[in-house]
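Structural overview for review
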Amino acid sequence: MSSPETSPYKGTEAADHGPARHNEWPLWEIFIRGQHGLSHRHVGSLHAPDAEMAIKNARDVYTRRNEGVSIWAVEADNIAASSPEEKGSLYEPSNAKVYRHPTFFDIPEEVGAM
Amino acid sequence: MTDPLFEYLCRMGDNTLVLSHRVSEWCGVAPVLEEDIALANTALDLIGQTQLWLGLAGEIEGKGRDADTLAFRRDVWDFRNVLLAEQPNGDFGQTMMRQYLFDAWHLLQLKALKGSSNAQISAIAEKAVKEVTYHVERSGDTVIGLGDGTEESHQRMQKALDRLWPYVGELFVSDAVDQALSAKGIAPEPTSLREEYDTAVNAVLAEATLTRPDSDFAHQGGKTGVRHTEHLGHMLTEMQWLQRAYPDATW
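Position numbers for residues start from 1 in each chain and track the written sequence from start to end. Chain A is the first chain written and ligand 1 is the first ligand written, with later ones labelled in order. The predicted nature of this model means local features are confined to residues of pLDDT at least 70 and side-chain atom pairs, given and counted, to a pLDDT of 80 or more, with totals for whole chains, interfaces and linings taken over all residues. No hydrogens and no water enter the side-chain calculation; it runs on all heavy atoms of the structure.

As recorded by an unreviewed UniProt entry, chain B carries the name Ring-1,2-phenylacetyl-CoA epoxidase subunit PaaC and is attributed to Sulfitobacter mediterraneus.

In the nomenclature of an unreviewed UniProt entry, chain A corresponds to Ring-1,2-phenylacetyl-CoA epoxidase subunit PaaB from the organism Sulfitobacter mediterraneus.

Here's what the structure looks like:
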């Protein structure tokens, strides 16, 4: 719904982000499970004063068209995220390791699509 | 007297119609986006229920009037909603207080109507009760959150309660229509819901640190149509404008 950070435009500097405005509700990330058996998927975020209202708001904002059977709300502050600057060390090493992809096996025809 | 069943169905349908329109007035201007969508959802639930109640009313009346005709072609004195439903939105707190005071009654009313001897009424109540269970949870939580919130929100909620309380009593007034229907097991005696209402509302108000007004004086005249407040006429002017100006206009 609303972005916690604004991104800088070309040639400008990013605005300094202090703490959230004191009367602003915390930001929650919302995960919804579409059907039994599937996993919860991130659908977006919203503001709410507490966990209970976050679930209610998620119900009203993200399940209006019968999208879900279960809602998770996680306060955005509690999410640990990888940093974009570490992209190289985190992900590039796996680029060179093609043998980790299961493409070196012959799959019998009877198995069909995998 | 007109058929008590028709009267009764108009009361149910007009309550949801008028309150739905009031709530829809927040669309696009609510204090935060999440509340804006939640209020719109509530208004849509209520308008859905209106279609069922007024649709059935038109059927029972048997004069070829459908839900739309009843909603858009009747004048203010033919409306049968309680006065509480037509009260103006005021600030967000007043809107939520009105919603809670109505929802708490609405849920008890619909639970009782689920056991109606009239199968169509019981089916409508069965569907509506799920929606209204959520409405009252949400409005109750908001009343608690704002009542037990900041000094300003507390004061505004107390003011809203004081302003709206005199309209609560009408929900429980019993008249000839109610008596005719309760005798046939179609609808509950309104007075029979009061005790449970008080228990539920007192608990929420206590948690919200709000003081229930001493006086149970009750304004009346909405559900009988005898004396609506001045607000309903203004609201209908807006709500019915298009169908009045361009009768039978469609999309």
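**A closer look at the side chain of arginine 138 of chain B**
Rules: Runs of E in the DSSP output that reach at least two residues are strands. Runs of H or I that reach at least four are helices, and both are numbered from the N terminus. Any pair of residues with heavy atoms lying within 4.5 Å of one another is described as a contacting pair.
Inspection of the secondary structure puts arginine 138 of chain B in helix H6 (residues 119–147). Beyond its immediate chain neighbours, meaning those up to four positions away, arginine 138 of chain B contacts Met53, Lys56, Asn57 and Asp60 of chain A together with Glu34, Glu35 and Ala38 of chain B.

**Regarding helix H10 (residues 230–239) of chain B**
All names here are of chain B. For the record, the criterion: Only protein chains enter the area calculation, which uses a 1.4 Å probe; residues under 20% of their type maximum are buried, those over 50% are exposed, and those in between are partly exposed. Directions drawn from the helix axis to the C-beta atoms are what define this arc.
Listing the buried residues of H10 in full gives Leu232, Met235, Leu236 and Met239. For H10, the angular spread of buried residues about the axis comes to 100 degrees, placing them on one side. Of the exposed residues in H10, those oriented more than 90 degrees away from the buried face are Glu230, His234, Thr237 and Glu238.

**Things to note about the sheet that holds strand E2 (residues 41–47) of chain A**
Residue and element names in this part refer to chain A. Where we set the bar: DSSP-based pairing: two strands are paired if at least 2 bridges between them are found. For helices, the axis comes from a line fit to the C-alpha atoms of the stretch in contact; other axes are also lines fit to C-alpha atoms, and the angle between any two N-to-C directions lies between 0 and 180 degrees.
Read across the sheet, three strands follow the order E2-E1-E3 without closing on themselves; strand pairing throughout is antiparallel. The outermost strands of the open sheet, each flanked by one partner alone, are E2 and strand E3 (70–75). Taking each pair of neighbouring strands and ignoring which way they run, the sheet shows an average axis angle of 30 degrees. Bridge analysis of strand E1 (residues 27–33) against E2 gives six bridges, and the strand direction is antiparallel. Note on E2: the bridge partner recorded for tryptophan 28 is leucine 46. Contacting E1, E2 and E3, helix H1 (residues 51–62) runs over the sheet at an angle of about 115 degrees to E2.

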